[in-house]
Amino acid sequence: MLLQATGISKSYGVQSVLDGISLQVNEKERVGLVGVNGAGKSTFLQIIAGEMSFDSGQIHKSKETTVGYLAQNSGLQSDKTIQEEMLAVFAPLIEAENELRQMEADIADPKLANDEKRYEDLLERYAKRSDWFKDHGGYEMNTRIRSVLHGMGFGEFAPDTPISTLSGGQKTRLALARILLQAPDLLMLDEPTNHLDIETLTWLEDYLRGYAGGILVVSHDRYFLDRLVTTIVEIERHQSRRYTGNYSRYMELKAAEYEIRMKQYEKQQDEISRMEDFVQRNIVRASTTKRAQSRRKALDKMERIDKPLGDLKKASFSFEPDFMSGKEVLQVRDVAVAFNEAASPLFRGASFELRRGETAALIGPNGIGKSTLLQCLTGTREPSAGTVNWGAKVKIAYYDQEQTRLNPRNTVLEELWSEYPMLEEARIRTILGNFLFSGEDVLKKIAALSGGEKARVALSKLMLRGANMLILDEPTNHLDLVSREVLESALIDFEGTLLFISHDRYFLNKMAERVLELHPAGIDQYLGNYDDYIDKKKELEAIALEEAGLIAAKAARIAESEALDKGSASSFEADKAAKREERNRQRRISELEEAIARLEEEIAVIEIEMTKPEVYQDYMALQQHETDLKNKKEQLAGRFDEWEQLADE
């Protein structure tokens, strides 16, 4: 067991956030912590990490257990370069390496060799320190840094890049890279998939699946949870419940558990109803009074089953177009975008079409220009080249992942009312209630809202627009698992056309009918959802490898054919050359056999020398003998390989 939290409670004044939360993480266990926004997941992680106090409960972990905690959107703040910051993780190893270099210099000092005791002590310290350096991964240190930086999307960055020049998202990714290199016994991550593109997400999943320690992760990424975790702990209504399995299994178990508890409750209610009816009918009859009284006592002693609580209140909405668009909705031809005339374009030659009722996903790595392309489609940016043509009767609604279209000075109520002044206040309040803004919530300022609350406000405005063409940029960002499922249901029922950007692979699988992959040279199109896209990519890669092999084989056959043609023209010369080649082969075999015998004798001499005290007690002499021995054995192996090859011909 790495960590155990029991009965953790936390309140802010009279408002309870956590009430008796318990959790256990064992060695190499992967635990997913789930719950709606505001359930207290991040608060619980902060408590476990020692960054926040708690009112009651206990936390146990052994002194040897190291815990690493990465808060949500916690960018790395440092005045160092990328390489300096990553090397700082390995400070003890770097210190040990410097000590080894100094000891090597001392060992080579002829003056020290005259003091036999000091010399032997130094050799012993060097051997111990060298073993420690090796056992703690000193020789793999730089390889690990390069691997993690490449996986987290910093492969193209110069090592001397100052961290202060990075964007907020890049600093968050770098903070994640740093904690992965620290490799604590228990890794606690709060929404680690934020700011990651699909390629980096996939790398992170594979890395964490092979992680040697335990993992406790808060995430709303269902695909990520399905691939990584083996246990789900749900925080709901301030309390926790543990389920074995990944996210999909948790959903099945929770539904089955609710059904069983509901049946038990209904069965008991039926029994209570029958018993109460019997008592009422028989309590006044002399012949049955005792039996009725007995039933009444049984009723009083009965341990009542509480009616199981259903799902938490969910947002409820739908997207209904005011009218239908024409069949041809959008035509994009050879669009390119560059930030200025001198700069190279982000991408060029981007072309695709959308017809009425289609749903397409736009994907690609971070920074490729996906959001910029959407801005070109909505008219907020002019493309550097190419054309964007909309069809007849197309009414567009655009969801901006940055929420720049929300006025931070407005209240929630004012934000909707200012855009739709024709609607009555009661109607606006009803709509906001469907998006979980009730009572005084509608008077909150936009600036004071959480990311999830801002997303729900933006979606409510989107719903009221009555558009037949939805353009959504990362619509599931900031939404909890329940809200994501509600959004999916609303979009599945949408009768218009949908184009969206998303890194949520679960959402991509459920929604996409076509995948548009943006790259610098344009757009590649794939039919189907995300899994279909991955399968097709693998199939194309396999075909490319096969074609490359066929081309190589064809070239070899042509060369062989040409050689045969030349050979048939001069068969006499070929026979003559073959006999000459055979003589050379036999002569080379004899030379190799002599060399092998000589090398075996030299190796035997070196091995005998190494057993002498004057050699094995002299570190420098022993090191030289080991180097010579290694070289001789490598030469011997090479001679043997060549001899075997010639002998088999």
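Residues numbered from 1 in each chain as written. Predicted model: local features only at pLDDT ≥ 70, side-chain atom pairs only at ≥ 80, totals over all residues. Heavy atoms only, no water.

Draft legend 1. Region of the structure containing the overall build of the chain. In terms of regular secondary structure, the chain is built from 21 helices and 18 strands. At 36 Å, the chain has a C-alpha radius of gyration far larger than the 26 Å of a compact globule built from 649 residues. If one aligns the C-alpha atoms of the chain with their principal axes, the spans along those axes are about 115 × 70 × 60 Å. If you sum the accessible surface of the chain, you get close to 35,800 Å²; carbon and sulfur atoms cover 49% of it. Charge separation in the chain, taken as the distance between the mean sites of 86 positive and 109 negative side-chain charges, equals 8 Å. (Helix = DSSP H or I, 4+ residues; strand = E, 2+ residues; numbered from the N terminus. Rg over C-alpha atoms; globule rule 2.2 N^0.38 Å. Areas by Shrake-Rupley, 256 points an atom, 1.4 Å probe, with all protein chains shown as cover. Lys, Arg positive; Asp, Glu negative; His and termini not counted. Charge placed at Lys NZ, Arg CZ, Asp CG, Glu CD.)

Draft legend 2. Representation of a positive patch on the surface in the model. A cluster of basic side chains, namely K579, R580, R583 and R587, defines a positive patch on the protein surface. Residue position: K579 is located in helix α19 (residues 571-609). The exposed category is assigned to K579, whose relative accessible area is 58%. (Patch = residues over 30% accessible without salt bridge, like charges linked within 9 Å, V, L, I, M, F, W, Y side chains within 5 Å. Salt bridge = Lys/Arg side-chain N within 4 Å of Asp/Glu carboxyl O. Buried < 20%, exposed > 50% of the residue type's maximum accessible area, 1.4 Å probe, protein only.)

Draft legend 3. Fine view of the environment of I163. One can find I163 in the loop between α6 (141-151) and α7 (168-182). I163 sits 79 residues away from E84 along the chain, and the two C-alpha atoms are 9.8 Å apart.

Draft legend 4. Broad picture of the packing of aromatic side chains. Applying the stated rule across the entire model yields 10 aromatic pairs. Judged by centre distance (5.1 Å) and plane angle (75°), the ring pair of F500 and F507 falls under edge-to-face. In this structure F500 comes out as buried when scored by relative accessible area, which is 0%. Aromatic side chains Y530 and Y533 sit 5.9 Å apart centroid to centroid with 40° between the ring planes, which places their arrangement in the tilted category. (Phe/Tyr/Trp six-rings, centres within 6.5 Å; stacked < 30°, edge-to-face > 60°.)

Draft legend 5. Region of the structure containing the environment of S147. By the secondary structure assignment, S147 is in helix α6. Spatially, the C-alpha atoms of S147 and G379 are 41 Å apart, while their sequence positions differ by 232 residues.

Draft legend 6. Highlighting the pattern of salt bridges. Considering all chains together, one arrives at 36 salt bridges under this definition. A salt bridge links R227 to E205, with the nearest nitrogen and oxygen atoms 2.5 Å apart. With a gap of 22 residues between them, R227 in helix α9 (residues 222-228) and E205 in helix α8 (residues 198-209) connect regions that are remote in the sequence. With relative accessibility at 0%, the residue E205 sits in the buried group. For R588, the salt bridge goes to E591, with nearest N and O atoms at 3.2 Å. Taken together, the residues R588 and E591, both in helix α19 and 3 residues apart, mark about one turn of the helix. Residue classification places E591 among the partly exposed positions, given a relative accessible area of 40%.

Draft legend 7. The sheet that holds strand β5 (residues 67-70), seen in detail. What the 6 strands build is an open sheet, ordered β5-β6-β7-β3-β8-β9; its pairing is mixed. If you trace the sheet from one side to the other, it starts and ends with β5 and β9 (239-244), each paired once. Averaged over all neighbouring strand pairs, the angle between strand axes comes to 15°, with direction disregarded. Pairing of strand β3 (residues 30-34) with strand β8 (residues 231-236) involves 4 bridges; the strand directions are parallel. Its bridge partner being in β8, V31 is matched across the sheet by T231. (Pairing = 2+ DSSP bridges. Axes fitted to C-alpha atoms, helices over the stretch in contact; angles between N-to-C directions.)

Draft legend 8. Region of interest: helix α1 (residues 41-48). Taking burial as the measure, the 8 residues of α1 include 6 buried ones, the bulk of the element. G50, located one to two residues past α1, shows a positive phi value of around 80°.

Draft legend 9. View of the packing of α6 against α7. One can describe the packing of α6 onto α7 by two numbers: an axis separation of 10 Å at closest approach and a directional angle of 145°. Taken as a pair, α6 and α7 cross one another with a handedness that is right-handed. Note on element contacts: α7 touches α6 through L174, A177, L180 and L181, opposite R144, I145, V148 and L149. Looking at the contact of α6 with α7 residue by residue, the classes come out as 7 nonpolar, no polar and 1 charged. (Left-handed = near helix turned anticlockwise from the far one by under 90°. Contact = heavy atoms within 4.5 Å. Nonpolar A, V, L, I, M, F, W, Y, C, P; charged D, E, K, R; others polar.)

Draft legend 10. How the structure looks around the sheet that holds strand β16 (residues 497-501). The sheet built from 6 strands is open, its strands ordered β14-β15-β16-β12-β17-β18 with mixed pairing. Whereas interior strands pair on both sides, the edge strands pair on one side only; in this sheet they are β14 (396-399) and β18 (522-527). Each neighbouring strand pair of the sheet contributes to a mean axis angle of 15°, computed without reference to strand direction. Pairing of strand β17 (residues 514-519) with β18 involves 6 bridges; the strand directions are antiparallel. Among the inter-strand pairings, H519 is bridged to a residue of β18, identified as G522.

Draft legend 11. Spotlight on the pairing of strand β15 (residues 469-473). Taking burial as the measure, the 5 residues of β15 include 5 buried ones, the bulk of the element. Taking every second residue as pointing to the same face, both faces of β15 are buried, with M469, I471 and D473 on one and L470 and L472 on the other. Relative to β15, β14 runs parallel, the two being bridged by 4 bridges. Within β15, the residue paired with Y398 across the bridge is I471.

Draft legend 12. Quick peek at the nonpolar core. Counting residues in hydrophobic clusters, the biggest one holds 51 residues, and the most contacted among them are L174, L176 and L208. Counting residues per element, this core draws most heavily on α7, at 7 residues. Apart from the residues lying within four places of it in its own chain, the contact partners of L176 are L70, M152, L189, P192, L196 and L204. Listed in part, the 47 residues of the second largest apolar core include A455, L472, A490 and F500. (Core = buried A, V, L, I, M, F, W, Y, C linked by side-chain atoms within 4.5 Å.)

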